[in-house]
Amino acid sequence: HYSAESLLKGDPEVLIVPKSVFQRVNLQKAPFNQLKAIKTNKILTIEDDIISRPAPRIVQAIQKITDFLY
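Computed from a predicted structure; not experimentally measured.

## Comments concerning the pattern of salt bridges
Argument step 1. Counted under the stated rule, the structure contains 2 salt bridges.
Argument step 2. In this structure, glutamate 47 engages lysine 19 in a salt bridge whose closest nitrogen and oxygen atoms are separated by 3.6 Å. Remark: lysine 19 occurs in helix H2 (residues 19-24) and glutamate 47 occurs in the loop between strand E2 (43-46) and helix H4 (48-52); sequence separation between them is 28 residues.
Argument step 3. With a relative accessible area of 29%, glutamate 47 lands in the partly exposed category.
Argument step 4. With relative accessibility at 35%, the residue lysine 19 sits in the partly exposed group.
Argument step 5. The closest approach of N and O atoms between lysine 64 and glutamate 47, which form a salt bridge, is 3.3 Å. Taken together, the positions of lysine 64 in helix H5 (residues 58-69) and glutamate 47 in the loop between E2 and H4 put the pair 17 residues apart, joining distant regions of the chain.
Argument step 6. Given the relative accessible area of 35%, lysine 64 is considered partly exposed.
Argument step 7. Members of the salt-bridge network, linked through shared partners, are Lys19, Glu47 and Lys64.

Rules of the game
- Residues numbered from 1 in each chain as written.
- Predicted model: local features only at pLDDT ≥ 70, side-chain atom pairs only at ≥ 80, totals over all residues.
- Heavy atoms only, no water.
- Salt bridge = Lys/Arg side-chain N within 4 Å of Asp/Glu carboxyl O.
- Helix = DSSP H or I, 4+ residues; strand = E, 2+ residues; numbered from the N terminus.
- Buried < 20%, exposed > 50% of the residue type's maximum accessible area, 1.4 Å probe, protein only.

Structure, rendered in structure tokens:
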């Protein structure tokens, strides 16, 4: 888990968000809309199953992140 306070303080250039979180949290509203990643639309939503569970599918998650960033 990553707190909203830590996210806001870190002000990341890119967000990688599980789809379930993306559906629950409106990142376009304050205070999240002030983040660099939101302002530049650098948000990767990724399936919860491949990012949240330690399993061989984590390789798929890494590939999706790599494709997004490069």
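Let us keep going from here.
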